[in-house]
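A closer look at the structure
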Amino acid sequence: MHKDHIIFYPFYGSAYVDNMKHCWGQLYKVIPWSKAENNLYLLFNIEAIVLNWIEGVLTIEQKKKLMFYKRIGIKIIWVFHNRMPHRMIDDTENTVWKENMRFIAKISDGIILHSRCSLKYLQEWTKCQKGITYVPHVDYEEQYGWVKHEAAIPAKRFCFAFIGQIAPYKNIELLIDAFKRSNLPDCELRISGKPCDTAYGKKIQALCKNSSILLRLGYLSDCEIGEEIRKADVLVLPYDLRSSMNSGAMIAAFSNKRTVVISNNAMAQDYEKEDFLYVYDYVDIEDHCQELKLMLKRAFENGVEKNRDMGKRAYLYTKKNNSEVMVVDRLKRVIDNLSMKHTIM
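The shown structure was predicted, so the numbers you read here are calculated from the model rather than taken from an experiment.

Rules behind the numbers
- Residues numbered from 1 in each chain as written.
- Predicted model: local features only at pLDDT ≥ 70, side-chain atom pairs only at ≥ 80, totals over all residues.
- Heavy atoms only, no water.
- Helix = DSSP H or I, 4+ residues; strand = E, 2+ residues; numbered from the N terminus.
- Contact = heavy atoms within 4.5 Å.
- Buried < 20%, exposed > 50% of the residue type's maximum accessible area, 1.4 Å probe, protein only.
- Pairing = 2+ DSSP bridges.
- Core = buried A, V, L, I, M, F, W, Y, C linked by side-chain atoms within 4.5 Å.

Our next topic: the environment of G311. Here G311 shows up in helix 13 (residues 285–321). Separated by 264 residues in sequence, G311 and E47 have C-alpha atoms that sit 39 Å apart. Contacts of G311, omitting those with residues within four sequence positions, involve F254, K257, R258 and T259.

Below, the structure is given as structure tokens:
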């Protein structure tokens, strides 16, 4: 029997989820996990279950269901997004998430990487190098058309921006500190996104008082995210390398013809030979602040025109290498690789 469904988990919650459901939807009927749980007929018509970020929330009951799915022929595909769950950065003694990482790596029939350089980090959780397929992170142009609506931007002071969830692992406090210490003339930093909780939002507000840092704390629609990106000359993404491997915000910036300053995560490492972004590495938190400060200064001194040119080149690169067509083609190879068990990079 031809199986024409896949389960996608989680089914809601982010632009990435919507984009990838759209791409998978060109190959299969995409359904939420809940729809298949109590429908045995439907379960036998499912090719695979695609799991995102489950390692941080995986329960014993879910483990049992996944093992049952394997027994009835449903393939398990895990998207390896992070080196570890972000909230576990400062809880390394907790063994539950480590067990979950090893379990999901072992039980998976296929593993998707969104950065080629993340393969070396996967080895921290499994020595098996079979059924692994690189799939580029899909761009955001076709899904939301942000670039198509770019309006003329009036002359203003130089603008750095951070856009995304306001959470500790994204090093917002460090960014604020580095920007203040940089003391760049006629320059602003915009921070936009929903805080992970009320207390952290208040903390960020207090840190930004009496400064040239503009806050927009709260949920942003897709259109508003595009607007915030286009207000910036350079996006700044100083993620914690202990957990971070990929950056959808970087792809969103490139999809809107903007360059980025980004810490040297696996996705940034994939761009080693490109010169349209600013990538830096660090040893510890003090070094991180210093290296970020130096990179902010470099980007600022390059001026608006050079940064816009970098953004345009990033856009052309992303349009070629991260298009929906490219992603769907790679997803086909994911399915083919479930039986071949190769490493396709």
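Turning next to unusual backbone geometry. Residue P10 follows Y9 across a cis peptide bond; omega there is -10 degrees. At W53, a position not held by glycine, the phi torsion is positive, near 60 degrees. By secondary structure assignment, the location of W53 is in the loop between strand 3 (46–52) and helix 4 (60–71). Overall, W53 belongs to the partly exposed group, its relative accessible area being 32%.

Turning next to the pairing of strand 7 (residues 158–163). Among the six residues in strand 7, six count as buried, and that is most of the element. The alternating pattern of strand 7 places F158, F160 and F162 and C159, A161 and I163 on opposite faces, both of which are buried. As judged from the six bridges shared by strand 7 and strand 8 (residues 187–193), these two strands associate in the parallel manner. Opposite C159, over in strand 8, you have E188 as the bridge partner.

Right, let's talk about the nonpolar core for a bit. Within the largest apolar cluster, 79 residues are counted, with the highest numbers of intra-cluster contacts made by W24 and F160. When residues of this core are assigned to their parent elements, the largest contribution, eight residues, is made by helix 13. Formed by 38 residues, the second largest nonpolar core is a distinct cluster that contains L66, W78, I104 and M245.

None of the figures reported here should be taken as evidence of function without further support.
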